[in-house]
Every structure is written in structure tokens, then in C-alpha cells.
Amino acid sequence: MTMTRVASPTTTTTTTLSSVTTILHLLPLLLLLLATPTTTTQAARKLRPHIVVLMADDLGWGDVGFRDPQMATPNIDRLAEEGVNLTNSYMQQACAPSRAAFLSGYYPFRMGLQSLGIAALRNNSLPLNKKKEKKIARALHGRTFPQDLQELGYSTHMVGKWHLGFCKLEMTPTYRGFHTFYGMYNGKGDYYTHTSKLNGYDLQSNTGQGSERNFTADWSANGTYSTELFTDRAVDIIEKHDESKPLFLFLSYQAVHGPLQVPERYVTQFCANVTHDRIRALHCAMAAAMDEGIGRVLRALEDRGFDDNLVTLFTTDNGGPVKQGSSNWPLRGGKMTLWEGGTRAVTILHSRKLLPDAPYSWRGLMHAVDWYPTLLRAAGRRRGEGVEGLDGVDNWWRILNNRVSNRIEFVYNIDDVKVKAALRYKRYKLVRNKPGSPDGWYNPPADVVNNHTQPRGRYPEYMLFNLRKDPEETTDIIHDPKLQALVAEMKEKLSNYTTQILPSASAHRIKLGAPEHFGGAWTPGWC
């Protein structure tokens, strides 16, 4: 008979309790070992979406296929068909002010960029991290939202047009929140030779951080169309991206800004039906080339599987220049004006994961300054964290849930040089002095008749428009007896904003920055 030895209950219980006690004592250490910094960081990164911003230059309200069938923009149209179309999204009236507002979260009139912008050989820029302007209501923090994204673990890259200053090294993109930059410093240039003012070559490759930063002119790009060049670089960044990190890519196309240059195949293949206007046909072809590039970028993201956790923002930087073939129809005016045609932007937000109820149109007010806190919130930053004092407001939750905007008013601009300004409050727009020229309605789709009477004569000091009833700004209602209290309130608001203005930067022209001193290329670090 075989005897089985059975341990006594007391011994078993004591042993078990001792083991449990030991494990409990060791549990914090075990958890610490399991949650190494790498593991914790990677887990956090997996929760953060990749963010891609696609910015078109000078693309008008009517320069997309879903508003004008003659325009060949199927990839932009697809984003609109699948995503959220922001129908009350605004940028500034011109390139540099829009980019400054977009990256900083501040109105340009607080930065001295409301009128003169940033030109070659000038020593002004997107404000640096300095507290020097004592006249404004609150000091600028000098940060950009890509810098905040870096702190959240993002790998940040910019491709394309900068146009926010470069005379000092610290003004350039790799000092302002981007790990790499490939593109142009100035506001415009030849699409093939990449030369701009003073015949300077403007195609830069900036990499590295800290003392390892590298600034190099990419001469090998001479002869390659910039839209294709920027698309190639963006695709290369996506294909080589370390998938353990979240990606932020800011692809700021030069297109469709003048000069009107494009390979002829885009005219014949995509815009041959635009026969009534050669300039409009070239503009159409430039948009088609950019749209083709956007399609390549979107496919690269899909091929890497990034579209499963991706936020894509498409926007233009300002209204289109109507004399260069652009259309803001049916909105009034164009680029460089405070009319709706100069400031209301084609804007689309797309995300398969985070916008499950799309497609829909979001009618809430959105301004360029709002993208700083809104995209940070999309990246997982807590509401209100790190965005104190900005002009921008966070609309992420509002857009996701198709709710009313957190914004009820914004400043179009306060120009202290040309002495004009505009303020939006709810559905109303107050304009001081003439908003700028061109000031009519231009370039409708081919099957639409322009029945508007082009304006003539002098403008009054103030005008008021109800943009919900009259988005085309045809009827000034400033003298409506029922609206006089509102008019007084809006004038007071505009006056209060005016007291916070930083005078337009009187930037100096520094000849030492001329390309002839740097081997023929535009180069930073000369002021």
C-alpha cells in the first residue's frame, strides 16, 4: 500500500501567506521593471495619432472640384467626401500672417505682422521666445505647437514653404519645433530653378538638433518641379518613419502661388476643358499637380498603415488671387483683402478613427489661431494645458461631436499701415474702411452667370454684414435701426483690440544677407 504524504494545512497556509507577502513587497519593483521608460513611452505613443497638415498656397474658395467641376482635385474632394468640411474656417489675408497665426496661436496684429509681412533681406520673423513688447496686453510666449508636439514624443517634419523669417538661425524651422526642414525660406520663387529675389537659390535642407544642426542648399533639385519635389520628400519621410513614434508632418506646398508654372501635361490631361481662360487653365493645372501629390502622400500613409490612427488637416493659407486665375466664387474679393474671398479658407479635417460620424459639414467658427490648441488636444494633451494666454481656442471636441463652436468672435485683421480692420461677432461682420481690392465677385464656374454689379465709389468708414443671410457681402446693414446697439458693441470690441496692437514691424533691409555673399543661395544667419 502506497502512502501519500500530505502537508499539514497549517504549513501550507503559512507558506502561501509568506509567498504572497513576498510578492506584494516585490510588486512595485516588478511593475517598475515592466514599465521601463521605453515601454511606457511606446505605449503612450501608440495612443497618439499621427498628424499630417496639408497647406495649399493661394488656393481659392472655388478652386476645388466639389465647388467647381472643372477643377481636377479628386484627392482633396475625397477628403471632403469622407471627412468634416469646415465651412466657416478662416485664415489671414496673406501668406506670412496666416502661417504665423497658424503656428503660434496669436493674431498677427499682436506680432507686428499684420501689414508688411516678411520679405527677403528683412530682419523680422515669427516672434522669438522673448518678452520685449511691453505695450501689448500679454507677452507672446514665442513657441509653436510643433514644439509642444515634440515634448509629447512626436517626430516633427516640415516640407515646403516657410516664409516666417530666416536672417537668424533661431528663426528657422529646426529651431521652431521641427526635427527636419526641406523647402524654401522665402514667399515665392521659380518652380523649376528655385530662384527668387536677387536670383538667389532657395531650396534648403535643414536637419539635426542642437549643435548638430545642418544647413545645406540642395543644388541637385535645380530643374525639378517643386510640387513634385516636395511630394517626393514627404513620401520619403513617411516611408522611413519609425512607427514606434507618432508622426507630425507639415507639408506646406508652394502651389498654387504664382508664378503660374506647371508641366503642360497637367493642362492637357486634367484641365483641357477650361478653354475660356488660359490663366484659369494654368491655375487649374497647378492645383491638379498638387492634388496628385496629395494623393501620393495619402497612399504612402495607407501603405504604412498610419491611416488607422491619423488626423489629416487640409487648408489653404488665404483666399485666391483672382487676377492669377483663382476663384473665390461666390465670395467677394480675393487675396490681400478682408473680404470673405480673401479670408475664408477651404478647410477639411479627416480621420477614420477619430471622426467616426463623418462625413458632415461643420458650420462652427474656426480661425487660424485655433489650430494650435485644437491639434494639441487631438494629440492627447489635456484640455487647456500649455495653451494659456493664446488667442486660439480648442475646438477639437466640438468638431468631433458636431457641436457649436467655442468661438463666437475673431479679428480678421487690424492693419495700422493701410488703416483697415474687420471683426466677426456671431453672424455679423463689422468692417472699418475699405477691406481692400479686388472688391467684387470674380471667376464663377463656367455654367454660372455673374449677375453681381461690381462696386464703385467711396466706401464709408464702417460697414456691417449679416454673413448668415448674406455670405456674399452684397448688402451693408450698418444703418439698420434695430442693429445700432450691436454696432456700438462691435465698434467697442474692435477699439479694445486696437489698443493691444504691436505696430507693424519696421524691419530693416540688410544687404549682408544677399545670396551673392553665400555662393548664390539664400542662407540664414546674417543678422
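Keep in mind the model is a prediction, meaning the values are calculated, not measured.

**Here's the deal with the overall build of the protein**
Along its length, the protein carries twelve helices and 16 strands. Out of the 527 residues belonging to the protein, those deemed buried represent 57%. Long-range contacts, defined as pairs at least 24 residues apart, comprise 73% of the intrachain contacts of the protein with a sequence gap of at least 6.

**Concerning the pairing of strand β16 (residues 462-466)**
A large share of β16 lies buried, amounting to five of its five residues. Of the two faces of β16, the one holding Y462, L464 and N466 and the one holding M463 and F465 are both buried throughout. Judged from the five bridges that link them, strand β15 (residues 428-432) and β16 form a sheet pairing that is antiparallel. In the strand pairing of β16, Y428 is matched with N466.

**Points about the sheet that holds strand β4 (residues 155-161)**
With respect to topology, ten strands assemble into an open sheet ordered β7-β6-β5-β4-β8-β1-β9-β10-β2-β11, the strand pairing being mixed. Each end of this open sheet is capped by a strand with a single partner; those strands are β7 (214-217) and β11 (360-362). Adjacent strand axes in the sheet meet at a mean angle of 15° when their direction is disregarded. Note that β4 and strand β8 (residues 247-252) share six bridges and pair parallel. Across the sheet, residue H157 finds its bridge partner in β8, namely L249.

**What to know about the environment of G160**
You can see G160 is positioned in strand β4. Look at G160 and you get buried, because its relative accessible area is 0%. In sequence terms G160 and Y182 are 22 residues apart; their C-alpha atoms lie 6.3 Å from each other. For G160, the contacting residues outside a window of four places in its chain are F181, Y182, G183, M184, F230 and S252.

**Some details on the sheet that holds strand β14 (residues 420-425)**
Hydrogen bonds between backbone groups are what pair the strands of a sheet, and the pairing can be parallel or antiparallel. Reading across the sheet, the four strands line up as β13-β14-β15-β16 and stay open at both edges, with antiparallel pairing between neighbours. Looking at which strands have only one partner, the edges of the open sheet turn out to be β13 (409-415) and β16. Neighbour-to-neighbour, the strand axes of this sheet turn through a mean angle of 10°, independent of strand direction.

**Considering the nonpolar core**
Counting residues in each nonpolar core, the largest one holds 89 residues, and the members touching the most others are F102, F145, F248, F250 and L349. Here F250 is in contact with V53, M55, F102, L103, H157, M158, V159 and F178, once residues within four sequence places are set aside. Grouped together as the second largest cluster of nonpolar side chains are 57 residues, L54, L79, Y182 and V267 included.

**A word on the pairing of β7**
The side chains of a regular strand alternate, first on one face of the sheet and then on the other. In this sheet, β7 lies alongside strand β6 (residues 204-207) in antiparallel orientation, the contact comprising four bridges. Note that in β7 the partner of S205 across the bridge is T216. Adjacent in sequence and paired antiparallel, β6 and β7 are bridged by six residues, among which G208 carries a positive phi angle near 85°.

**Considerations on the side chain of N466**
By the secondary structure assignment, N466 is in strand β16. Apart from residues no more than four positions distant in its own chain, N466 is found in contact with R427, Y428, P471 and I477.

**What to know about the pattern of salt bridges**
Under the criterion given, the structure shown has 30 salt bridges. Across the pair R78 and E82 runs a salt bridge whose closest N-O atoms are separated by 3.6 Å. Of this pair, R78 and E82 both sit in helix α3 (residues 74-82), separated by four residues, roughly a single helical turn. Here E302 and R352 are joined by a salt bridge, their closest N and O atoms 3.7 Å apart. Separated by 50 residues along the polypeptide, E302 in helix α8 (residues 278-303) and R352 in the loop between β10 (347-350) and β11 bring together distant segments of the chain. The class for E302 is partly exposed, based on a relative accessible area of 30%. One network of salt bridges, with partners in common, ties together R78, E82, E302, D307 and R352.

Rules used throughout
- Residues numbered from 1 in each chain as written.
- Predicted model: local features only at pLDDT ≥ 70, side-chain atom pairs only at ≥ 80, totals over all residues.
- Heavy atoms only, no water.
- Helix = DSSP H or I, 4+ residues; strand = E, 2+ residues; numbered from the N terminus.
- Buried < 20%, exposed > 50% of the residue type's maximum accessible area, 1.4 Å probe, protein only.
- Contact = heavy atoms within 4.5 Å.
- Pairing = 2+ DSSP bridges.
- Axes fitted to C-alpha atoms, helices over the stretch in contact; angles between N-to-C directions.
- Core = buried A, V, L, I, M, F, W, Y, C linked by side-chain atoms within 4.5 Å.
- Salt bridge = Lys/Arg side-chain N within 4 Å of Asp/Glu carboxyl O.

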